[in-house]
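Structural description and commentary
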Amino acid sequence: MKVVTPKEMAVMDRHAVAAGTPSIELMERAGHACAEVIKVDLDEKAQIIILCGPGNNGGDGLVIGRSLIEDGYTVHLFLTADREKLSEDSQISLKRLEDKNIPIRTLQDDADLEDLSLIMKRATHVVDAIFGTGLVDKEIPASYNRIFDLVNDFDREKIAIDIPSGLRGDIGLTIGNGIFADKTIVIQNYKTGCLLNDGPDYTGDTILIDIGIDENSIPNEKYYTQESDLKFPQKRKKNTHKYDYGSVVVIAGSKGMSGAGILSIEGALKSGGGLVTCYVPQDIYIPVVARAPAEALIKTYDCNITSDDIKHDRKKVILIGPGIGRAKNYSFILEHLLEGSLPVVIDADGIHHLAVVVDSLKESKTPVVITPHFAEFSKLIDVPREDILKDPIGYGQKFAMEYQVVVVLKGYRTMIFGTNGEIWFNSTGNPGMATGGSGDVLAGMIAGIAGQNVNLFEAARAGVFYHGKAGDYYAEHFGQSTLTAHSIIESLKYVLK
Ligand SMILES: NC(=O)C1=CN([C@@H]2O[C@H](COP(=O)(O)OP(=O)(O)OC[C@H]3O[C@@H](n4cnc5c(N)ncnc54)[C@H](O)[C@@H]3O)[C@@H](O)[C@H]2O)[C@@H](O)CC1
Ligand SMILES: Nc1ncnc2c1ncn2[C@@H]1O[C@H](COP(=O)(O)OP(=O)(O)O)[C@@H](O)[C@H]1O
Ligand SMILES: [K+]
């Protein structure tokens, strides 16, 4: 399933119209499909306020109103702009309402807002069809902000159509103010703004509706991960042995951060890794051996370790970074590893050290994945975090393609950037996972999966997906507050089968 920017959605809409479906027909389909979703929660006492803006999002609201009224529900329709300012299709939808003598009011002054707030006192639902994907990045008039505030103060169900008003459909940031919906009915495809930055906090739960627009009419390579898209886990052949599954090397830990490597080892083992060896500095060898799972091998290393040394151990993939700290010269080791032929996963402080030798990525012939969160990525590419937040897709894609490295940019909806420009938005995970060590587990999982003859890009997609799914499993059963990195490890067995 594709994820699109508002501009891409507009092109898809135009293609659908050019292919023979009139745009008013698309609006009818969108409005009726949204009404069907809304009706599921309604009873005979329901009182629904629908706020309709000047563009086609407002037109959807008008169709929803007609559909609900025809089914006998009590609906209060409001236009937020003068009738003459409505888009062409919205004018048609308005006429269809008026032909049925359905009343509709226009919010023009304080008295109208006062009326709205009185009706809100007895309403059960507010539908936000004020702005959708056509919102442009310019100051929204104060009159709209007052409507947004009124809606946000409404304490029953708030349902947004396509995208909550005020939220930018491209980057998921508001233009000053926006409507916090409980539920957003997304038309046809997720917009990037539903998934980025504050988008998920504004949209609430999301429900996708299909109005028959073909997503393949545009050459877009942004996808929303479904479990069926993944190439892992694979069926195991009977005639195999442990060296066929895994053989992962983890270079992790430093004084004070001995737990990081252990979490990565467990992430690798619990995602099917057959053999895991963890290389740690001499000074933490004893505590790591004491706490590491019995299945793992713990070794010590010095700063001269190379990919070839590791290859002699019949290893298939290397993870470097969790808890290694910044004291020692790991850039030197990284350069060696990148000159070698084993796939490398670079996480946490490994990314800090990579910044010094970042150009080695361009010369490297071995597959590499890096797993930064936004702050680590900002340091690596030397661009302020605030700038990246305004264009995370652009920065992630550029780096992945220029340096030929898979980038896993971590957040609520982690993005995985392939070296050919492909982007996958993850669809699992929850804020309970914002807890120390959760990234170490993920890095271990990606390495553990990559060791099972899965290419690094696929391993990254699958690792991120099941890491999130395990977190969701835990949160569903026990809530988010007690979720720790270990909860993710322990929940893997329920979701990765
Ligand atoms: N064929 C289509 O294009 C379809 C569109 N659909 C709906 O139409 C929406 C997109 O419609 P539009 O492109 O008309 O856009 P919107 O309805 O999202 O908004 C455009 C209107 O908002 C005003 N506006 C934009 N930015 C503003 C700002 N910062 N401050 C104040 N006013 C601002 C514009 O002047 C214009 O009147 C989608 O989100 C979806 O709900 C659906 O009906 C399905 C088909
Ligand atoms: N708000 C959130 N919602 C969902 N997942 C999150 C959230 N915050 C963090 N995560 C996930 O938790 C992990 C945290 O990784 P990282 O920031 O490296 O933490 P650490 O360094 O403590 O291991 C990532 O996989 C990230 O996607
Ligand atoms: K809306």
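Residues numbered from 1 in each chain as written. Chains lettered and ligands numbered in written order. Predicted model: local features only at pLDDT ≥ 70, side-chain atom pairs only at ≥ 80, totals over all residues. Heavy atoms only, no water.

Turning our attention to the overall build of the chain. Scanning the chain for helices and strands turns up 20 helices and 19 strands. A globule of 497 residues ought to have a C-alpha radius of gyration of about 23 Å, and the chain, at 26 Å, matches this closely. Its C-alpha atoms give the chain principal-axis dimensions of roughly 80 × 45 × 45 Å. A burial count over the chain gives 59% of its 497 residues as buried. Summarising the internal contacts of the chain: among those between residues at least 6 apart in sequence, 73% fall at separations of at least 24. (Helix = DSSP H or I, 4+ residues; strand = E, 2+ residues; numbered from the N terminus. Rg over C-alpha atoms; globule rule 2.2 N^0.38 Å. Buried < 20%, exposed > 50% of the residue type's maximum accessible area, 1.4 Å probe, protein only. Contact = heavy atoms within 4.5 Å.)

Taken together, 21 residues form the shell around ligand 1, and within it Asn56, Asp60, Gly132, Val136 and Asp162 come nearest. The separation between an oxygen atom of ligand 1 and a polar main-chain atom of Gly132 is 2.6 Å. The fraction of the free accessible surface of ligand 1 (870 Å²) that becomes covered by protein chains is 80%. Elements supplying a minimum of two residues to the shell around ligand 1: helix H2 (23-39) and helix H3 (56-70). Along the lines of polarity and charge, the residues of the shell around ligand 1 split into 10 nonpolar, 7 polar and 4 charged. (Near = heavy atom within 4 Å. Polar contact = N/O pair within 3.5 Å; in protein donor to acceptor, adjacent residues only side chain to side chain. Areas by Shrake-Rupley, 256 points an atom, 1.4 Å probe, with all protein chains shown as cover. Nonpolar A, V, L, I, M, F, W, Y, C, P; charged D, E, K, R; others polar.)

The omega angle of the peptide bond from Phe232 to Pro233 is -5°, so this bond is cis rather than trans. The backbone of Ala348 shows a phi angle near 50°, a positive value even though the residue is not glycine. Structurally, the position occupied by Ala348 is in the loop between strand S15 (344-346) and helix H13 (349-354). At Gln404, a position not held by glycine, the phi torsion is positive, near 50°. Residue position: Gln404 is located in the loop between helix H17 (392-403) and strand S17 (406-409).

In this structure's numbering, the residues bearing the UniProt feature "binding site: AMP" (unreviewed entry) are Lys410, Gly411, Tyr412, Arg413, Thr414 and Gly439. In three dimensions, the annotated residues from a span of 30 residues occupy one location, with a maximal C-alpha spread of 13.9 Å. Counting through the fold element by element, Gly411 comes out in the loop between S17 and strand S18 (415-417). Accessibility expressed as a relative area gives 43% for Gly411, which makes it partly exposed. Residue placement: Tyr412 occurs in the loop between S17 and S18. Here Tyr412 falls in the partly exposed class, since its relative accessible area comes to 39%. Within the local environment of Tyr412, its side chain forms a polar contact with the side chain of Arg413, the two groups lying 3.2 Å apart. (UniProt positions renumbered as here; feature names shortened; annotations may be inferred.)

Judged by side-chain polarity, Tyr285, Ile286 and Val289 come together as a nonpolar surface patch covering roughly 280 Å² of accessible area. Tracing the backbone through its elements, the reader meets Val289 in helix H10 (residues 285-291). (Patch = residues over 30% accessible without salt bridge, like charges linked within 9 Å, V, L, I, M, F, W, Y side chains within 5 Å. Salt bridge = Lys/Arg side-chain N within 4 Å of Asp/Glu carboxyl O.)

A separate point is the domain arrangement of the chain. The domain architecture assigned to the chain consists of domain 1 (3-220) and domain 2 (227-495). Each of domain 1 and domain 2 was reduced to a C-alpha centroid, and the two centroids are 41 Å apart. The partner domain 2 presents 8 residues to the 8 residues of domain 1 that form the contact. With both chains or domains summed, domain 1 and domain 2 bury close to 660 Å², and 81% of this area falls on carbon and sulfur atoms. Sorting the residues of domain 1 by area buried against domain 2 places Leu195, Leu196 and Asn197 first, and these three jointly supply 55% of that buried surface. Across the contact surface, domain 1 and domain 2 share 0 salt bridges. The interface formed by domain 1 and domain 2 includes 1 residue pair in polar contact (both at pLDDT 80 or more). A per-class count over the side of domain 1 that touches domain 2 returns 6 nonpolar, 2 polar and no charged. (Domains from an automatic or database assignment. Buried area = accessible area lost by both parts, 1.4 Å probe.)

What follows deals with the packing of helix H19 (residues 456-478) against helix H20 (residues 485-495). Contact geometry for H19 and H20: axes closest at 8 Å, N-to-C directions at 95°. Classed by the angle they form, the pair H19 and H20 counts as roughly perpendicular. Contacts between H19 and H20 involve Tyr466, His467, Lys469, Ala470, Tyr473 and Tyr474 from the former and Ser487, Ile488, Ser491, Leu492, Tyr494 and Val495 from the latter. Tallied by class, the residues present in the contact of H19 with H20 amount to 8 nonpolar, 3 polar and 1 charged. (Axes fitted to C-alpha atoms, helices over the stretch in contact; angles between N-to-C directions. Parallel < 35°, antiparallel > 145°, perpendicular 65-115°, else oblique.)

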